[in-house]
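Fold and contact review
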Amino acid sequence: MAEEKSLNFIEEIIEADLKAGKHTTIATRFPPEPNGYLHLGHAKSICLNFGLALKYGGKTNLRFDDTNPVTEETEYVESIKGDVEWLGFRWAQELYASDYFPQLFDFAVKLISKGLAYVDDSTSEQIAEMKGTPTQPGKDSPYRTRSVEENLKLFAEMKAGQYRDGEKVLRAKIDMTHTNMLMRDPILYRIKHAHHHRTGDAWCIYPMYDFAHGQSDSLEQITHSICTLEFVPHRELYDWFIEKLEIYPSRQYEFARLNMTYTMMSKRKLLQLVNEKHVNGWDDPRMPTLSGVRRRGYTAQAIRDFCDRIGVAKRDNLIDIGLLEFFVREDLNTIGARRMVVFDPVKVVITNYEETKTEMLPSENYPDEGSTVRTMPFGRDLWIEREDFMENPPKKYFRLAPGQMVRLKSAYIIACEEVIKNDKGEVTELRCRYIPESRSGSDTSGINVKGVIHWVSAKHALPVEVRLYDRLFKVEDVSEIEGDFRDYLNPDSLKVQTAYAEPELGNAKRGEHFQFLRMGYFCLDPDSTHSKKIFNRTVTLRDTWTKDKK
RNA sequence: UGCCCGAUGGUGUAACUGGCAACACGCUUGAUUUUGAUUCAAGAAAGUCCAGGUUCGAGCCCUGGUCGGGCAACCA
């Protein structure tokens, strides 16, 4: 029952184009540069581009924008493909801007022939100098008036490797006084004697983004080329090339990139965090990278729902990370099998329970009616959460306290009769009595307790490592940071501790999601070994109780 | 001193293209609950950046401001 959802501005453009007969079908593309891992911001773009094609029966190409050999690597290509697939999308074709190097070269020759491009011998500094500023016009390069023949010859020599890096560039001849800085004779080709991850050493001149992107769109007959707002000023140049080259008129549309609280979405800075070891790699569960959130336990479904909900518009935004967490919980609530794990144990001894006895008690895996069950061993010695006991509880505390009763989930009701402490006054053991008739499922005790807590049999408990994650940054709006962003990293973003799990968790597998009762959603980390299971906390449970205590 | 975008509850996105501002998250209250979770119900919260104008009628159109963002890499 897909409700009549209002269209975002790009969908409106597409529907208008379709209705006007401008296109009969649409083609989009997702164009990452393989110089880093994909993050949540890219997920928004992926969902948009692929989503549009799906909605309107078109296709989406995956095109790597690999025009700068010095920063790009095959490792990134592979991770990007994996991430897009994981998110659940299929591209029509896997393409590379570098595949178009021959055509792009011909385009450049065409521009030169039309007198619209020239080879400039100026240094990088001189070119910057002559470029002017946003408020001051630029000045023509002394090489601007070279003849077509000379330009053709020089450009061929550039390609042939007769010059060193930086010695010459090819520039478009547009207008050095243009109010749009990008139209002030932009550089089309630069010399880089560098090894390219795909073309190897075949080329020593490489096209700039502006001279590659639009033409690549055009060659693929992309109808709607969707990018982020910072490319708005590039559109004028994008259209200029299409017009002068007389090629298929792809059109560019821009939307606001995703920003999230306590999160940083700059590939450059994320790379820095990785290189400087502030995190343990691109897939560190604290990273906003897709590989990071995947390892953390976020699901593709949750991310798609999130991208769907945040919408697409042109105004700057800062989205509450809590919204993403909402969708993660929403999905995990239905797919996460329930398990009991005690994080900060305190011993409970059930004085009226036989010392050698072990009962296997069933407990449902999911909250729904017909849920499957697993069994949990129950015995005289148990672990419960330290915070589930209070010696002097406030009025509305309905867990365990001296003389107070609590329900052990899926087991019995117990009453605390004695508190044992060490010399430091710390509680070391709680001696309790259980109500035999209160067994879960066949409770005839008639006793009603409000509190229900999780537990695990001390004798059978499986020690596991849990990694508890918190926000990577201390500040809500990372874009407001002045000075070094690394000074604002949250020192408590990762807490590692040992916890005691019910035996069933020994069978946990990669890719499975769990809800550790009352503690949050977790998944098995790939660092796990046969003898040591490691669980990542994906997200905590919603908590409406502890929060108003603060 | 320039050019280009944008402005709607705390946050994000809507408003059938000019007809009494809606949805989601978050928040509050209550019910249910063997997870203080989930679920369910109710509620608070903007009068649409400001000032003019057009109109019977403006969040939508026009004019002028204000504020925010972007633009001077041989990066994408």
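Residues numbered from 1 in each chain as written. Chains lettered and ligands numbered in written order. Predicted model: local features only at pLDDT ≥ 70, side-chain atom pairs only at ≥ 80, totals over all residues. Heavy atoms only, no water.

1. Some thoughts on the sheet that holds strand β7 (residues 205-207)
As a reminder of what qualifies: Strand pairing follows a simple DSSP-based rule, namely that at least 2 bridges must link the two strands. A run of H or I in DSSP becomes a helix once it reaches four residues, and a run of E becomes a strand once it reaches two; helices and strands are each numbered from the N terminus. With axes taken as lines fitted to C-alpha atoms, and helix axes fitted only over the stretch in contact, angles between N-to-C directions fall between 0 and 180 degrees.
As summarised here, the arrangement of the 4 strands in space is β4-β5-β6-β7, forming an open sheet in which the pairing is antiparallel. The open sheet terminates on both sides in strands that have one partner only, identified here as β4 (117-120) and β7. On average, each strand axis in the sheet is tilted by 20° relative to the strand beside it, whichever way the strands run. By the bridge criterion, 4 bridges tie β4 to strand β5 (residues 169-172) in an arrangement that is antiparallel. Each bridged residue has a counterpart across the sheet, and for Ala117 the counterpart in β5 is Ala172.

2. With respect to the nonpolar core
The line we're drawing: Nonpolar core, defined: a set of buried Ala, Val, Leu, Ile, Met, Phe, Trp, Tyr and Cys residues in which side-chain atoms within 4.5 Å join the residues together. Working definition: with a 1.4 Å probe on protein chains only, accessible area under 20% of the residue-type maximum means buried, over 50% means exposed, and in between means partly exposed. Delimitation of the domains relies on an automatic or database domain assignment.
Counting residues in each nonpolar core, the largest one holds 37 residues, and the members touching the most others are Leu40, Val84, Ile303 and Phe306. Of all the secondary-structure elements, those providing two or more residues to this core are α2 (40-55), β2 (59-64), α3 (74-87), α10 (290-296), α11 (300-310) and α12 (321-335). Looking at this core element by element, the count peaks at 6 residues for α11. When residues of this core are assigned to domains, at least three map to each of domain 1 (9-255) and domain 2 (267-337 + 464-549). Formed by 36 residues, the second largest nonpolar core is a distinct cluster that contains Leu95, Ala108, Ala172 and Leu188.

3. Examining the sheet that holds strand β12 (residues 345-350)
Whenever strands of a sheet pair, they do so through backbone hydrogen bonds, lying parallel or antiparallel. The 7 strands lie next to each other as β19-β16-β17-β18-β12-β15-β20, forming an open sheet whose pairing is mixed. Because the sheet does not close on itself, it has two edges, and the strands there are β19 (452-453) and β20 (455-457). Pairing of strand β16 (residues 405-408) with β19 involves 2 bridges; the strand directions are parallel. For Arg407, the partnering residue across the bridge sits in β19 and is Val452.

4. As for unusual backbone geometry
A negative phi holds for most residues other than glycine; trans holds for most peptide bonds. Look at Gln221: it is not a glycine, yet its phi comes out positive at around 55°. Along the chain, the position of Gln221 falls in the loop between α7 (209-219) and β8 (224-228). With a relative accessible area of 45%, Gln221 lands in the partly exposed category. With phi around 60°, Tyr262 is a residue other than glycine that occupies positive phi space. Residue position: Tyr262 is located in the loop between β9 (251-255) and α9 (267-275).

5. Here's the deal with the domain arrangement of chain A
Using the following cut-off: We define buried area as the total accessible area lost by two parts upon association, computed with a 1.4 Å probe and summed across both. Any Lys or Arg side-chain nitrogen found within 4 Å of a carboxyl oxygen on Asp or Glu counts as a salt bridge. Nitrogen and oxygen atoms within 3.5 Å of one another constitute a polar contact, given that in protein one can donate a hydrogen and the other can accept it, and given that sequence-neighbouring residues count only through two side-chain atoms.
Each assigned domain of chain A is listed here: domain 1 (9-255), domain 2 (267-337 + 464-549) and domain 3 (341-454). A straight line from the C-alpha centre of domain 1 to that of domain 2 covers 35 Å. A buried area of about 2,100 Å², summed over both sides, lies between domain 1 and domain 2, and 71% of it is on carbon and sulfur atoms. In this structure, the connection of domain 1 to domain 2 is made through 1 salt bridge. Notably, a salt bridge pairs Asp83 with Arg294, separated by 2.9 Å at the nearest N-O pair. Along the contact surface separating domain 1 from domain 2 lie 6 residue pairs in polar contact (both at pLDDT 80 or more). Broken down by element, the side of domain 1 that touches domain 2 gets its largest block of residues, 6 residues, from α2.

6. Considerations on the packing of α2 against α11
To be explicit about the condition: Orientation labels follow simple angle bins: below 35 degrees gives roughly parallel, above 145 gives roughly antiparallel, 65 to 115 gives roughly perpendicular, and whatever is left gives oblique. The contact criterion used throughout is that any non-hydrogen atoms of two residues lie within 4.5 Å. Under the scheme applied here, ten amino acids are nonpolar (Ala, Val, Leu, Ile, Met, Phe, Trp, Tyr, Cys and Pro), four are charged (Asp, Glu, Lys and Arg), and all others, including Gly, are polar.
Put simply, α2 and α11 touch, their axes get as near as 9 Å, and they point 75° apart. As far as their axial angle goes, α11 and α2 are roughly perpendicular. Contacts between α2 and α11 involve Leu40, Ala43, Lys44 and Cys47 on the former and, on the latter, Ile303, Arg304, Cys307 and Ile310. Its residues assigned to classes, the contact of α2 with α11 shows 6 nonpolar, no polar and 2 charged.

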